[in-house]
Every structure is written in structure tokens, then in C-alpha cells.
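Tertiary structure, described
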Amino acid sequence: LGRVVGGAARADSGIAVVMRRLAQWGVATDAVVLSDGSGLSRHNYVSAEAIAQVLTFMSRDSLATLYRESLPVAGVDGTLERRLRRTPATGRLWAKTGSLNRVRALSGYAMTAEGRALIVVLLVNNFPGPGAAADAALDRIAAVITAAQSDR
């Protein structure tokens, strides 16, 4: 990305390309801190609001369907194939997982039981205990969200 779009095959060039695009989408520059191009550094920070803004932008883009379909589907495939099976989220949550030591994330799109489309950003940071417990908590939240019925 840095070489093709930014003109130099260096991490800082790629980061500059990403930051320019995020700014074009209205993401605040202080909502994202990138220190490398891998996404695995403990020094990369992205706010929940910034993730929601990117997901919102992509939901309105001409590539929205392709983008959503590139995400794992709860209980069906990818990193969510074995998660959220036999829950209201099965087949109704398209989300990217994320994990580092003491960090878990689940972000993407959900369809509620009544057919309402939602953007979901669930982040857990510095949690005590095993990662599986944090994943289970995020999965319970996602199941509740997708089971939601309107009070109307």
C-alpha cells in the first residue's frame, strides 16, 4: 500500500495512506494511532467510534455488499464458524474478530430478529482471565443484539 499508493515501500508511507483515507471518511485523526502496518502491534489504537465510522461508510459504499460478504458469518464460516452456533446471531452477524493478549474485538454488521440492520462494535481491553471467557461474553452480547425485538 505504501509503495503503490504512497510512493514508498515503507510502513510510514502505508500508514499515511490509511490515515488520509480515514480523514476523508470523517474519522478523527486522534481516534486512530498506527505504529506499524501489521495490525498486531500493542501500539496500534483504534477507538470504537472510528471503527463504527468505517463500517458506516462501507455500508453506504458501492462495494457495500461485497465488503459485508467478505466478513466471516456467525456460526457459518471463517473465524466465526465455531462461534455463535445455534444462537439468534447464526447467519445474521457478519463480523471481523480481533485478538491480542487481554484484548478481544468483534465488529461488523448484524440483522436483528425483526430485520433491522445494525452496526456492531464490541471491544474488550485489559480483561482479567482467559481470552475464551472474553470471546464468550462478546458472543452473548451479539446473540442478545441479534435477538432484539422492537418495543414499537
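A brief report on the enclosed structure follows. (Residues numbered from 1 in each chain as written. Predicted model: local features only at pLDDT ≥ 70, side-chain atom pairs only at ≥ 80, totals over all residues. Heavy atoms only, no water.)

The next subject is the layout of surface pockets. Of the volumes computed, that of the largest pocket is approximately 1600 Å³. Taken together, 45 residues form the lining of the largest pocket, with Leu-34, Gly-39, Asn-44, Val-46 and Ile-51 sitting closest to its centre. Every element with two or more residues in the lining of the largest pocket is listed here: α1 (11–24), β2 (45–46), α2 (48–60), β3 (93–100), β4 (103–111) and β5 (117–125). Considering each element in turn, the lining of the largest pocket owes the most residues, 9 residues, to α1. Split into classes, the residues belonging to the lining of the largest pocket amount to 24 nonpolar, 13 polar and 8 charged. Approximately 160 Å³ is the volume found for the second largest pocket. (1 Å grid on protein atoms, 1.4 Å probe; cavity = no way out; pocket = protein on both sides within 12 Å on 5 of 7 lines; lining within 4 Å. Points joined across faces, edges and corners; volume = space filled by probe spheres on them. Helix = DSSP H or I, 4+ residues; strand = E, 2+ residues; numbered from the N terminus. Nonpolar A, V, L, I, M, F, W, Y, C, P; charged D, E, K, R; others polar.)

In spatial order, the strands read β3-β4-β5; together these 3 strands make up an open sheet with antiparallel pairing. For this open sheet the edge positions go to β3 and β5, each flanked by a neighbour on one side alone. Each strand axis lies, on average, 5° off the axis of its neighbour in the sheet, ignoring direction. Sheet topology places β3 next to β4; 8 bridges connect them, and they run antiparallel. Residue pairing for β4: Gly-98 is matched across the bridge by Ala-105. α2 contacts β4 and β5 of the sheet and is inclined by roughly 155° relative to β5. On the sheet, helix α4 (residues 131–147) packs against β3, β4 and β5 and is oriented at approximately 15° with respect to β4. (Pairing = 2+ DSSP bridges. Axes fitted to C-alpha atoms, helices over the stretch in contact; angles between N-to-C directions. Contact = heavy atoms within 4.5 Å.)

Okay, a nonpolar patch on the surface next. A contiguous nonpolar surface patch, about 310 Å² in accessible area, is contributed by Leu-1, Val-4 and Val-5. By secondary structure assignment, the location of Leu-1 is in the segment before α1. (Patch = residues over 30% accessible without salt bridge, like charges linked within 9 Å, V, L, I, M, F, W, Y side chains within 5 Å. Areas by Shrake-Rupley, 256 points an atom, 1.4 Å probe, with all protein chains shown as cover. Salt bridge = Lys/Arg side-chain N within 4 Å of Asp/Glu carboxyl O.)

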